[in-house]
Amino acid sequence: MAPPKVLMVAEKPSIALSIASSISGCQMHSRKGSTDVHEFEGMFIGLPAYFKVTSVIGHVFSVDFPAKYQDWSATDPIDLFQAPIQKTEANPKAHICRHLSQEAHGCSHLVLWLDCDREGENICFEVIQCTGFQANDARRKVHRARFSSVTGKDILKAMSCLVEPNKCEALAVDARQEIDLKVGVAFTRYQTGYFQGKYGDLDSRVISYGPCQTPTLGFCVQRYLQITTFKPEKFWALRPHIMVDGYELQLEWERHRLFDMDVALMFQKLVLQDRILEVTDMSEKQESKGRPPGLNTVNLLKIASSALGFGPQMAMQLAERLYIQGFISYPRTESTAYPSSFDFKGTLGALANNPMWGDYVQGLLSDGYHKPQSGTDAGDHPPITPMRSANEDMLERDAWRLYQYVCQHFLGTVSPNCKYTRTKVEFSIGGEFFHCIGLHVTVKGFTSIMPWLAVSEKNLPQFAKGDKIEVSKVELFEGQTAPPDYLSESELISLMEKNGIGTDASISAHINNICERNYVQVQAGRKLVPTALGITLIRGYQCIDPDLCLPDIRGFIEQQINLVAKGEADHSCVVQHVLEQFKQKYSYFVKQIDNMDALFEAQFSPLADSGRALSKCGKCLRYMKYISSQPSRLYCGTCEEVYYLPQKGTIKLYKELTCPLDNFELLIFSMAGPEGKSFPLCPFCYNSPPFEGIDTLFGVSKTGSSGKLGKGTGMPCFLCPHPTCRHSLIAQGVCACPECNGTLVLDPISAPKWRLYCNMCNCLVLLPQGAHRIATTRERCPECDSTIIEVDFNKNTTPLEDGATLHSGCILCDDLLHSLVEVKHGKSFFKRAGRWARARGRGGHRGRGRGLGKMDPKMSFRDF
DNA sequence: GCAAGGTC
């Protein structure tokens with residue numbers, strides 16, 4: 001009988017590899033799949049077995065609302081609190097679910113090697129679901145491996161005492177997912193809908209709310225408010241100076257400073273009257289500055305931000321690359337404690353020949369390195385350490401700087417502590433007491449490899465108790481208290497960590513989020529400065545319901561789901577209870593939104609006051625105002641109507657042409673970038689397509705008929721089937737797209753780099769370059785039905801005989817034109833969703849529903 | 001278009 005098959009699943013490919021290597025002693029066969037599968041023979045629970053080790057890539061599923069709730073305008077956000085939710089594959093392209101199901105086929109044991117944290121426990125059950133294993137099936141058993149680090153020793157130990165996955169912990173994660181989704185989405189949709197479009201200079205597409213991002217913003221705004229409400233106060237300090245052995249020494253006052261000038265002046269007078277200082281005491285203490293514990297992700301991010309100037313996302317990208325290249329160990333870890341089995345000698349050995357630290361490392365190896373400080377062990381990965389030696393030439397500049405820090409930090413952790421002697425000399429004069437401090441380093445220790453942490457030497461002259469010294473001058477220093485600086489990113493990371501906002505992996509995402517939403521800006525020195533929008537939002541929450549932006553909100557959710565994790569409360573009861581509370585907060589927020597709006601009104605300009613006149617409204621024939629802040633739009637002050645425009649590009653009036661359907665002036669929109677296409681549009685048609693079904697055919701169709709069209713959807717002229725308008729698809733369409741079901745359309749303002757672009761995908765076709773004019777005609781090619789185009793060549797570069805410049809023909813069938821066109825791909829144009837049966841063709845009466853059918857071989861672009 | 005959590 002064949003030995004039983006055992007499927008083992010890890011959270012990421014790198015761990016699957018480590019586990020397989022450890023258990024098989026590197027005697028395995030690896031093959032590709034959605035994720036790699038490592039196979040080998042071995043012993044399982046005392047019997048011979050065939051092992052397959054593979055992995056997921058984080059969560060298999062993610063949670064969302066069913067399609068019915070996706071239409072923002074058709075769903076009242078309050079209904080989301082009771083809405084059903086569904087799990088869909090988090091990364092459908094990766095086909096992880098199918099992969100697991102296939103690999104599980106014929107296996108009689110499933111061993112779950114997911115990370116040993118709550119999220120990992122949740123992924124265990126996602127894996128169980130995909131593999132089709134059942135909880136209480138005697139023939140197909142599910143096991144959970146509990147490992148405290150990804151080292152050979154711990155892996156083998158976990159193998160020998162397999163347990164069961166913890167359903168309660170997994171349910172706690174389900175609860176968190178549902179609560180985060182419902183609360184975040186409900187508030188986000190509501191406040192976006194309320195404020196968006198109401199103020200002209202309010203620059204934001206989505207005004208998001210979230211139990212992590214909002215308190216994160218709260219920290220930044222809190223500091224901002226501290227700064228703006230700060231009232232500086234003057235203070236005074238006495239600073240006597242003495243001359244000893246030719247050096248001038250300034251003494252510190254025991255009273256430090258006083259906030260009353262008259263009193264300070266009185267003390268100065270007393271000191272000046274006495275003039276003689278007496279040494280009253282001298283003390284010497286041996287002090288020590290401890291070496292750092294191992295480096296974890298959060299501390300790496302803090303250092304990267306404060307010392308290297310890298311944002312968390314950039315730092316993680318650099319670290320990730322260094323990890324993949326084998327220069328450093330796995331960079332995502334919470335642990336600052338090294339596992340007992342950590343190979344310090346090996347790690348030091350790897351750096352022994354490094355040109356930068358080689359000598360220092362050899363010193364540590366010969367004199368004996370120190371055991372690192374204990375630190376905390378989160379049971380995940382060891383601290384971040386160098387894995388192999390690199391020099392400056394092997395890495396890019398930024399990667400090198402990060403690598404350098406990882407090395408210095410590691411060497412610091414195994415170096416001696418820094419030791420120094422601290423001398424304090426105390427003086428009295430005129431009844432007042434002063435002192436000075438001397439520092440003398442006796443052992444540099446780790447500070448010689450981390451010089452920025454060094455203790456600076458301060459030498460003092462020799463004093464003896466009872467010495468009498470004349471003061472040379474008594475300065476009355478006048479200073480002023482200063483507000484704190486803006487919150488630095490590294491301070492914010494500390495605050496988030498302390499308050500349990502986000503995880504080591506998600507902290508950078510939250511910070512990035514509040515930047516992208518235009519709530520804060522990162523300024524020089526990676527200081528976080530809140531924007532008017534960020535400040536107004538937080539002030540709004542503060543006056544309606546401060547809980548909404550306080551860090552405790554995350555704590556509250558955590559504390560509730562902890563009950564589920566510990567099995568002390570039922571999952572759905574807890575979810576219901578928490579959602580009920582948030583729903584009440586939501587209702588109250590909605591009821592009080594006027595209070596927040598008052599702050600917005602004070603900060604931003606109402607729509608009617610902003611923007612510049614751009615084009616004429618077809619209804620009242622007056623100019624409408626163009627509002628450039630996102631979402632960019634036109635506003636007709638007379639009709640009080642808003643017309644959304646395509647986003648992320650430039651918009652201009654199009655030769656004062658008007659739409660034959662509604663009399664609105666046409667605009668021309670150019671997408672950003674050198675390859676960006678341009679197309680005409682009518683503001684009215686774009687927002688309310690006049691032909692049934694157009695809005696659902698082009699790209700995004702989620703907005704529905706009553707929704708605010710225009711944010712990436714709508715009907716530009718290149719989709720319009722108007723039979724006679726010069727700008728419609730019928731007039732400007734040339735031929736079928738070689739790549740999709742779309743139509744190639746002439747870019748009307750592409751001269752002199754004339755081109756066609758597809759109205760559905762990103763296909764681009766270059767036409768004869770440098771021509772004076774290229775235009776579509778009403779003629780069709782008798783052979784392939786493409787539109788005949790007319791080219792007026794430049795007279796200096798014309799390919800025509802006798803200097804003729806005018807030529808008409810079909811770009812597919814005319815030999816000359818065919819030889820002058822070239823297919824190119826631009827940046828993605830619009831979503832390639834939906835099939836639009838083209839209205840290309842005579843008179844445009846072909847309408848919808850008629851497919852393209854087999855392509856005429858002559859239409860093929862293969863020869864290009 | 002929306003949250004937060006994995007991971008790449």
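In this text the structure is predicted, and so the values were computed from the model without any measurement. (Residues numbered from 1 in each chain as written. Chains lettered and ligands numbered in written order. Predicted model: local features only at pLDDT ≥ 70, side-chain atom pairs only at ≥ 80, totals over all residues. Heavy atoms only, no water.)

1. Quick word on the overall build of chain A
Next, step 1: The number of helices and strands found in chain A is 22 helices and 33 strands.
Next, step 2: Based on the C-alpha atoms only, the size of chain A along its principal axes is roughly 115 × 90 × 65 Å.
Next, step 3: Every one of the 864 residues in chain A was classed for burial, and the buried ones make up 50%.
Next, step 4: Within chain A, residue pairs in contact and separated by at least 24 positions form 66% of the contacts whose partners lie at least 6 positions apart.
Next, step 5: Total accessible area computed for chain A in this model is approximately 40300 Å², and 50% of it derives from carbon and sulfur atoms. (Helix = DSSP H or I, 4+ residues; strand = E, 2+ residues; numbered from the N terminus. Buried < 20%, exposed > 50% of the residue type's maximum accessible area, 1.4 Å probe, protein only. Contact = heavy atoms within 4.5 Å. Areas by Shrake-Rupley, 256 points an atom, 1.4 Å probe, with all protein chains shown as cover.)

2. A short note on the sheet that holds strand S16 (residues 487-488)
Next, step 1: With antiparallel pairing, 3 strands are arranged side by side in an open sheet as S16-S18-S17. Of all the strands in the sheet, just S16 and strand S17 (520-523) have a single pairing partner and so form its edges.
Next, step 2: The sheet contact formed by S17 and strand S18 (residues 527-530) spans 4 bridges and is antiparallel. The residue bridging Val522 from the neighbouring strand is Leu528, located in S18.
Next, step 3: Along the sheet, helix H6 (residues 213-228) makes contact with S16, S17 and S18, crossing S18 at roughly 85°. (Pairing = 2+ DSSP bridges. Axes fitted to C-alpha atoms, helices over the stretch in contact; angles between N-to-C directions.)

3. Some details on the protein's contact with DNA strand B
Next, step 1: For DNA strand B, the set of nearby residues contains 42 residues, the closest of which are Gln70, Arg189, Cys212, Gln213 and His510.
Next, step 2: In DNA strand B, the atoms that sit within 4 Å of the protein are 65% sugar and phosphate, with bases accounting for the remainder.
Next, step 3: A distance of 3.1 Å separates a sugar or linking oxygen of DNA strand B from a polar side-chain atom of Glu320.
Next, step 4: In this structure, Thr503 approaches DNA strand B through a side-chain N or O atom, which is 2.7 Å from a phosphate oxygen.
Next, step 5: Broken down by secondary-structure element, the contributors of at least two residues to the surface near DNA strand B are strand S5 (61-64), helix H5 (167-195) and helix H14 (507-516). (Near = heavy atom within 4 Å. Polar contact = N/O pair within 3.5 Å; in protein donor to acceptor, adjacent residues only side chain to side chain.)

4. Digging into the pattern of salt bridges
Next, step 1: What the rule picks out here adds up to 28 salt bridges.
Next, step 2: Taking the shortest distance from any N to any O, the salt bridge between Asp485 and Lys527 comes out at 3.5 Å. You can see Asp485 sitting in the loop between strand S15 (468-480) and S16 and its partner Lys527 sitting in strand S18, a full 42 residues away along the chain.
Next, step 3: Glu558 is the salt-bridge partner of Arg554, the closest N and O atoms lying 3.8 Å from each other. Here Arg554 pairs with Glu558, and both are found in helix H16 (residues 552-565), just 4 residues apart, close to one helical turn. (Salt bridge = Lys/Arg side-chain N within 4 Å of Asp/Glu carboxyl O.)

5. Here's the deal with the UniProt feature "domain: Topo IA-type catalytic" (unreviewed entry) in chain A
Next, step 1: According to UniProt, the feature "domain: Topo IA-type catalytic" (unreviewed entry) maps to residues 166-586 in the numbering used here.
Next, step 2: With 43% helix and 19% strand, residues 166-586 has its two end C-alpha atoms placed 33 Å apart. (UniProt positions renumbered as here; feature names shortened; annotations may be inferred.)

6. Some points on the domain arrangement of chain A
Next, step 1: Under the domain assignment used here, chain A contains domain 1 (5-165), domain 2 (174-229 + 486-601), domain 3 (234-290 + 419-480), domain 4 (297-416) and domain 5 (611-859).
Next, step 2: Distance from the C-alpha centre of domain 1 to the C-alpha centre of domain 3: 64 Å. (Domains from an automatic or database assignment.)

7. Points about a nonpolar patch on the surface
Next, step 1: Among the surface-exposed residues, Val263, Met266 and Leu270 lie close enough to one another that they form a single nonpolar patch of about 220 Å² accessible area.
Next, step 2: Examined against the element boundaries, Leu270 turns out to sit in helix H7 (residues 261-274).
Next, step 3: According to the relative accessible area criterion, Leu270 is partly exposed, its value standing at 34%. (Patch = residues over 30% accessible without salt bridge, like charges linked within 9 Å, V, L, I, M, F, W, Y side chains within 5 Å.)

8. Side note on the sheet that holds strand S24 (residues 665-671)
Next, step 1: The 3 strands are arranged S23-S24-S25 in an open sheet whose pairing can be described as antiparallel. Two strands bound the open sheet, and with one partner strand each, they are strand S23 (649-658) and strand S25 (678-681). Neighbour-to-neighbour, the strand axes of the sheet open up by a mean angle of 25°, direction not taken into account.
Next, step 2: Sheet topology places S23 next to S24; 6 bridges connect them, and they run antiparallel. Residue pairing in the sheet places Thr650 in a bridge with Ser670 of S24.

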